[in-house]
Amino acid sequence: MEIKISPSMLASDYANLQTELEKCEKGGADLIHLDVMDGHFVPNISIGAPVIAAMKKVCTVPFDVHLMISDPYSYIDDFVKAGADIISFHIESDSDTDKTIDKILSAGCKAALAVKPATPVEEVYPYLDRLSMVLVMTVEPGFGGQSFMHSTMPKIRQLREKCPDIDIQVDGGINTDTVSVAGEAGANVFVAGSAVFKSEDPAMMIKTLKTNARR
Ligand code: DX5
Ligand code: ZN
């Protein structure tokens, strides 16, 4: 599987988004991870479609939009227009899963389903034929800077065994050590917020994460 690194802009300097995006491009980031939080599905509020649209104007790396919102279905068009290339939403959200996937696909975007640490990965099985990626959360969604939950690794192994070819993304607590743990379990798409943006050289950190994911 192709290894992809998706830096999470949640940990970046919001006063200098263009510069932060340039660091990602320079480091060879494969995706840009954009965390959308509504203060309802998760106890935190982040950015919405207008900020993503502004970033899209100054970045050519594909946008990986992670919706942590209660009603993703109603906002799909906004995020497609803003420039999302792949949209992840939570199976635990209030929206109808089938309808939301259809809406993403018919807008010409790739669809992904996300599961929280306590949600069994089998719940995504009925939808796999329409998904480009499954996001297995390795922390409780809502905040950056949390510790990686090793207890989620059996879900990755189980999913990789069932689907040798699908992109499996991990999000939360990914650093130079845990990237190898998740990679060994079968993940191939790695979100990293704090590890990238709190490091002295974000571009170099992206390269290091890619190297370590292969170990
Ligand atoms: C958490 C977000 C993550 C977050 C990861 O709810 O989904 O994308 O930015 O941050 P780190 O890499 O710092 O754990
Ligand atoms: Zn995320």
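In this report, the structure presented in the accompanying data block is examined. (Residues numbered from 1 in each chain as written. Chains lettered and ligands numbered in written order. Predicted model: local features only at pLDDT ≥ 70, side-chain atom pairs only at ≥ 80, totals over all residues. Heavy atoms only, no water.)

### Structural notes on the packing of aromatic side chains
Following the criterion strictly, the structure yields zero aromatic pairs and no others. Residue placement shows Lys56 over the ring face of Phe63; its charged tip is 4.7 Å from the ring centre. We note Lys162 situated over the ring of Tyr125; from NZ or CZ to the ring centre the distance is 4.7 Å. (Phe/Tyr/Trp six-rings, centres within 6.5 Å; stacked < 30°, edge-to-face > 60°. Lys NZ or Arg CZ within 6 Å of the ring centre and 35° of its normal.)

### Topic: the coordination of the zinc ion (ligand 2)
Around the zinc ion (ligand 2), the protein supplies His33 (NE2), Asp35 (OD), His66 (ND1) and Asp171 (OD) as donor atoms, at distances of 2.0 to 2.3 Å. Geometry at the zinc ion (ligand 2) is octahedral, judged from the six donor atoms that bind it and their angles of 71 to 169 degrees at the metal. For the zinc ion (ligand 2), the single-chain donor residues occur in sequence as H-x1-D-x30-H-x104-D. Linking His66 in strand 3 (residues 63-68) with Asp171 in strand 7 (residues 167-171), this pair joins segments that are 105 residues apart in sequence. Like Asp171, His66 is buried. (Donors = N, O, S within 2.8 Å, 3.2 Å for Na, K, Ca; no water. Tetrahedral: all angles 85-135°; square planar, octahedral: opposite > 155°, others 65-115°. Helix = DSSP H or I, 4+ residues; strand = E, 2+ residues; numbered from the N terminus. Buried < 20%, exposed > 50% of the residue type's maximum accessible area, 1.4 Å probe, protein only.)

### Here's the deal with the sheet that holds strand 1 (residues 4-7)
Read across the sheet, eight strands follow the order 1-8-7-6-5-4-3-2 without closing on themselves; strand pairing throughout is parallel. Edge strands, defined here as strands with exactly one partner in the open sheet, are strand 1 and strand 2 (32-37). Taken over all neighbouring pairs, the strand axes of this sheet differ in orientation by 25 degrees on average, direction set aside. Of the strands in this sheet, strand 5 (110-115), strand 6 (133-137) and strand 7 are in contact with helix 5 (residues 153-162), which crosses strand 7 at around 170 degrees. Together, strand 1 and strand 8 (189-192) form the strand contacts of helix 8 (residues 202-213), whose direction differs from that of strand 1 by roughly 140 degrees. (Pairing = 2+ DSSP bridges. Axes fitted to C-alpha atoms, helices over the stretch in contact; angles between N-to-C directions. Contact = heavy atoms within 4.5 Å.)

### Observations regarding the pairing of strand 5
Burial runs high along strand 5: five of the six residues are buried. Where strand 4 (residues 86-90) meets strand 5, five bridges bridge the pair, whose relative direction is parallel. Within strand 5, the position partnered with Phe89 by the bridge is Leu113. Each parallel crossover has a hand, and the one from strand 4 via helix 4 (residues 97-106) to strand 5 is right-handed. (Right-handed = clockwise from strand over helix to strand, strands pointing away.)

### Describing the state of the cysteines
One way to say it: the disulfide is the covalent bond shared by the sulfur atoms of two cysteines. Enumeration according to the criterion identifies zero disulfides in this entry. The thiol of Cys109 is not disulfide-bonded; the next cysteine sulfur, from Cys59, is found 15 Å away. What makes Cys109 buried here is its relative accessible area of 6%. (Disulfide = S-S within 2.5 Å.)

### Observations regarding the pairing of strand 8
Of the two faces of strand 8, the one lined by Val189 and Val191 and the one lined by Phe190 and Ala192 are each fully buried. Of the strand pairs in this sheet, strand 1 and strand 8 are connected by four bridges, and their pairing is parallel. In the strand pairing of strand 8, Ile5 is matched with Phe190. Direction of pairing for strand 7 relative to strand 8: parallel, over a ladder of three bridges. Across the sheet, the residue bridging to Gln169 is Val189, located in strand 8. In this fold, the crossover linking strand 7 to strand 8 by way of helix 6 (residues 178-185) has right-handed handedness.

### A closer look at the site of ligand 1
In the vicinity of ligand 1 lie 20 residues, with Ser8, Gly142, Asp171, Gly193 and Ser194 positioned nearest. For ligand 1, an oxygen atom lies 2.8 Å from a polar atom in the backbone of Gly193. With the chains in place, 99% of the 380 Å² that ligand 1 exposes on its own is no longer accessible. Because more than half of its atoms lie within 2 Å of the grid, ligand 1 is assigned to the largest pocket. Elements with a contribution of two residues or more to the shell around ligand 1: strand 2, strand 3 and strand 8. Considering each element in turn, the shell around ligand 1 owes the most residues, three residues, to strand 2. Taken together, the residues of the shell around ligand 1 sort by class into eight nonpolar, 10 polar and two charged. (Near = heavy atom within 4 Å. Polar contact = N/O pair within 3.5 Å; in protein donor to acceptor, adjacent residues only side chain to side chain. Areas by Shrake-Rupley, 256 points an atom, 1.4 Å probe, with all protein chains shown as cover. 1 Å grid on protein atoms, 1.4 Å probe; cavity = no way out; pocket = protein on both sides within 12 Å on 5 of 7 lines; lining within 4 Å. Sits in = over half its atoms within 2 Å of the grid points. Nonpolar A, V, L, I, M, F, W, Y, C, P; charged D, E, K, R; others polar.)

From the geometry alone we can't say anything about function, so treat these as descriptive.
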